[in-house]
Amino acid sequence: MSLLFLAHRVPFPPDRGDKIRSFHILQYLARRTPVHLVAFADDEADFDPPAAFTDLLASCKILPRKKSQKRAAIEALATGKPVSLTAFASAAMQAAVDRVLPEVTSTYCFSGQMAQYLPVGGPPVVMDFVDVDSAKFAGFADDARGPMRWMMLREARLLGAFEHNVAARASASLFVSEAEARVFREGGATGQILAVENGIDSETFDPDGSYRSLSRHPGEGRGPVGKVAVTAFRLSLSPSPNWAPASAGEGNGVGGQAPLIVFTGQMDYRPNIDAVTWFARDILPLIRKRHSAHFAIVGRAPTAAVKALAGDHVTVTGAVDDVRGWLAAAAVCVAPLKLARGIQNKVLEAMAMARPVVASTAAAEGIDHADTIRVADTAQDFADRIAALIETPGTAAALGQAARAQVIRRYGWDARLAPLDALLGLAP
C-alpha cells in the first residue's frame, strides 16, 4: 500500500504545535509504508526541506500559500463558505492532489482545511482534525463584538457543518485529546471519532541533555520554536537592555538576579497573544510584589502587541534556535491560556524538561498530568502558585521531576501513535 499525506503546512521544521504533531505522525507512517506528501508552505524557508526530511518520502510536493486573509474573507462572503476553507482554496493544490490520488491506496488528511481536496468515492481517508476548529471560533465569538462577533459565529456555524460532513465520509476522525473528541461527538458528528494524543520526545527534551546539539531535529539546527542561537550554554538574545541573560541549566533564576518565568509558543497565534498579555499586565505585577521575577515570552513571529510588552521585567525573544535552553533556565513555566484546544505541546515540553508548570484549566485539561501541574484560573491564583514554587525550590524541583516521569510513562510518540497501524492497515 501507499499513502497520501495531505497537510496545510509542511510538517518541517517541527517549530510550532501543529507541525510538531504532523512531523511525528509523518515520520511514524513513513517508517511503515511509502508516503507521498502534498502540502502548503507559508514560509519561504519551508520550500526546500533538507534531505534528512525528504528522504523519508516516496514523493514530496510543496506549494505556496500566499492568499491574504482579506481576500479569503471576501471569497468566503461571496461563496457562502467558511473563511477557513477559502483561505486554503487553490486550483494548483487540487491539481497536485488529483495527480497523486491514483497512486495511493489511502489518505491521511491533516487539518480540516485540507479536506476540501478529497473527492467523494476516492481512497479511504483518516481525517486528523487535531482540534474542533468550529468550537474554537465559537469561543472567539464570546469575546468579540459587532461585525467581528458576527463573522466568528458565521465561521463556527459553516465550519461545523463542513466538519460533520467530512467526518461522515471518513474512515475515522481523529482529535488530539478525548476532550476534543467528546466535544465533536456531542456537537452531533457521526462516524468513528477517536482521540490520538500528541507525544513528546523525552530524549530531545531532557534536562540532562546538551543544549548545543540539535541532531534529533533535522534541518540545520532549527529547533522546536525557531532560529536565534543558544551558544555555549548562554541565552544569546536579550532585547531588554536592563536584563542579563541566563545561564541555561540553573533552573532557579536569571544569572542569580531574578527568578525566570517562561512562556513558549507561536507568538502570532491569538490564544498565545491573549495569554502573555494577561500574564504581563495582570499576573506578573502581583508576583513582583513578592519576588523580583522576570517574564520571558519565547517564540517566533511576535506581533506588535506582543513586542509592546517588552520592558525591564519582560523579554520578548522572537524566534530562538533552541527552546530547551530557556526551559532549562526557568524557575517556573506557565501556560495561562484562556482558550486552549487539545494537548498543549508547550506544557509537555516543559514537563519533559523537569520544569514545574502552572497552567490554566483550559491548558491543562487535555493532559494526563497526574497532579504534576499546578492549575490556576485567576490572576491572584496564578501569582500565588508561582510565588509558592519560587519560595520552595525543593518542592519545585520535585514537582518538575514528577512531571518528567509522567510524560515518559504516558507520552512517548510511538505509544501514542500506535492506533494508526490498525486504522490504516499498517504492519507495526
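Numbers given to residues run from 1 along each chain, matching the order in which its sequence is written. For a predicted model such as this one, the threshold for reporting local features is a pLDDT of at least 70, and the threshold for listing and counting side-chain atom pairs is 80 or more; totals across whole chains, interfaces and linings nevertheless cover every residue. Water and hydrogen atoms play no part in the side-chain values, which are based on all heavy atoms of the structure.

*Asks:* Looking at this structure, how should I read the side chain of Gln266?
*Replies:* Considering the arrangement of structural elements, one finds Gln266 in the loop between β10 (260-264) and α9 (270-288). For this analysis, residues touch if any pair of their heavy atoms sits within 4.5 Å. Apart from residues no more than four positions distant in its own chain, Gln266 is found in contact with Asp15, Arg16, Asn272, Arg300 and Ala301. The helix and strand labels rest on DSSP assignments: H or I over at least four residues marks a helix, E over at least two residues marks a strand, and numbering proceeds from the N terminus.

*Asks:* Help me understand empty space enclosed by the protein in this model?
*Replies:* One simple way to see leftover space: roll a probe sized like a water molecule over the atoms. With a 1 Å grid laid over protein atoms only, a set of points is called a cavity when a 1.4 Å probe fits there but cannot get out and a pocket when it is open yet has protein on both sides within 12 Å along at least five of seven lines; lining residues have an atom within 4 Å of a point. Grid points are joined across faces, edges and corners, and a volume is the space filled by probe spheres set on the points. Scanning the model with the defined rule gives three cavities of 30 Å³ or more in all. The volume enclosed by the largest cavity comes to roughly 100 Å³. In terms of lining, the largest cavity is formed by twelve residues, of which the most central are Ile20, His24, Ile200, Phe205 and Glu349. Elements with a contribution of two residues or more to the lining of the largest cavity: α1 (17-30) and α12 (345-352). If one sorts the elements of the lining of the largest cavity by residue count, α12 sits on top with three residues. Under the scheme applied, nonpolar residues are Ala, Val, Leu, Ile, Met, Phe, Trp, Tyr, Cys and Pro; charged residues are Asp, Glu, Lys and Arg; polar residues are all the others, including Gly. When grouped by side-chain class, the residues that make up the lining of the largest cavity number six nonpolar, four polar and two charged.

*Asks:* Help me out: how do you make sense of the packing of aromatic side chains in this one?
*Replies:* Centre-to-centre distance and the angle between the planes together describe a pair of aromatic rings. For Phe, Tyr and Trp, where Trp contributes only its six-membered ring, two rings pair if their centres lie within 6.5 Å, and the inter-plane angle classes them as stacked under 30 degrees, edge-to-face over 60, or tilted in between. Taken as a whole and judged by the stated rule, the model has eleven aromatic pairs. For the ring pair Phe129 and Phe184, a centre distance of 5.3 Å and an interplane angle of 45° mean the geometry is tilted. On the criterion of sequence distance, the pair formed by Phe129 in strand β5 (residues 125-130) and Phe184 in helix α8 (residues 178-186) is long-range, its members being 55 residues apart. Like Phe184, Phe129 is buried. Between Phe137 and Phe140 the ring centres are 5.8 Å apart and the planes differ by 85°, which places this aromatic pair in the edge-to-face class. Relative accessibility under 20% of the residue-type maximum defines a buried residue, over 50% an exposed one, and the middle range a partly exposed one, all with a 1.4 Å probe and only protein chains included.

*Asks:* Help me understand the pairing of strand β6 (residues 172-175) in this model?
*Replies:* In the case of a regular strand, side chains alternate between the two sheet surfaces. Of the two faces of β6, both are covered, the one formed by Ala172 and Leu174 as well as the one formed by Ser173 and Phe175. Two strands are counted as paired when DSSP detects at least two bridges linking them. Strand direction decides the pairing type here: β6 and strand β7 (residues 193-195), joined by three bridges, are parallel. Note on β7: the bridge partner recorded for Phe175 is Ala195. The parallel pair β6 and β7, bridged by α8, forms a crossover whose chirality is right-handed. For the handedness criterion, the strands are oriented away from the viewer, and a crossover whose path from the first strand over the helix to the second runs clockwise is classed as right-handed.

*Asks:* Help me understand the nonpolar core in this model?
*Replies:* For soluble globular proteins, nonpolar side chains are generally found buried alongside one another. In terms of nonpolar packing, the biggest core is built from 99 residues, with Phe5, Leu29, Tyr108, Phe295 and Ile386 touching the most fellow members. Among the elements that take part in this core, α9 stands out by supplying ten residues, more than any other. In terms of nonpolar packing, the next biggest core, distinct from the first, is built from 43 residues, Met93, Leu101, Met151 and Met152 among them. Definition of nonpolar core: a set of buried residues of the types Ala, Val, Leu, Ile, Met, Phe, Trp, Tyr and Cys, connected through side-chain atoms within 4.5 Å.

*Asks:* Where do I start with the sheet that holds β7 in this structure?
*Replies:* Where strands meet in a sheet, backbone hydrogen bonds hold them as pairs that are either parallel or antiparallel. Ordered by their spatial adjacency, seven strands build an open sheet running β3-β2-β1-β4-β5-β6-β7, and the pairing between neighbours is parallel. Pairing within the sheet leaves two strands with one partner each, and these edge strands are β3 (59-64) and β7. Put simply, the sheet's adjacent strands are angled 20° from each other on average, direction ignored. The axes are straight lines fitted to the C-alpha atoms, using for helices just the contacting stretch, and the angles between their N-to-C directions are given from 0 to 180°. Here α8 sits on the sheet in contact with β5, β6 and β7, set at roughly 165° to β7.

*Asks:* In this structure, what is going on with helix α7 (residues 146-169)? I would like to understand it.
*Replies:* Think of an α-helix as turning once every 3.6 residues; residues three or four places apart then point the same way. Counted at 1.5 Å a residue, the expected span for α7 with its 24 residues is 34 Å, and the 36 Å between its end C-alpha atoms agrees. Every buried residue of α7 is accounted for by Met151, Met152, Arg154, Glu155, Ala156, Leu158, Leu159, Gly160, Phe162, Glu163, Val166 and Ala167. For α7, the secondary structure elements touched by its buried residues are α3 (69-79), α4 (83-86), β5, α6 (133-143), β6 and α8. Expected span of a helix: the number of residues minus one, times 1.5 Å.

*Asks:* It is not clear to me how unusual backbone geometry should be interpreted in this structure. Could you clarify?
*Replies:* Glycine aside, residues mostly have negative phi angles, and peptide bonds mostly take the trans form. Note the cis peptide between Phe12 and Pro13, where omega equals -10°. Secondary-structure assignment places Pro13 in the loop between β1 (3-7) and α1. Positioned with a positive phi, Ala301 is a non-glycine residue whose angle comes to about 55°. Looking at the secondary structure, you find Ala301 in the loop between β11 (294-298) and α10 (304-307). The class of Ala301 is partly exposed, set by a relative accessible area of 34%. For Ala370, which is not glycine, the phi torsion reads 50° and is therefore positive. Mapping Ala370 onto the fold places it in the loop between α13 (361-364) and β15 (373-375).

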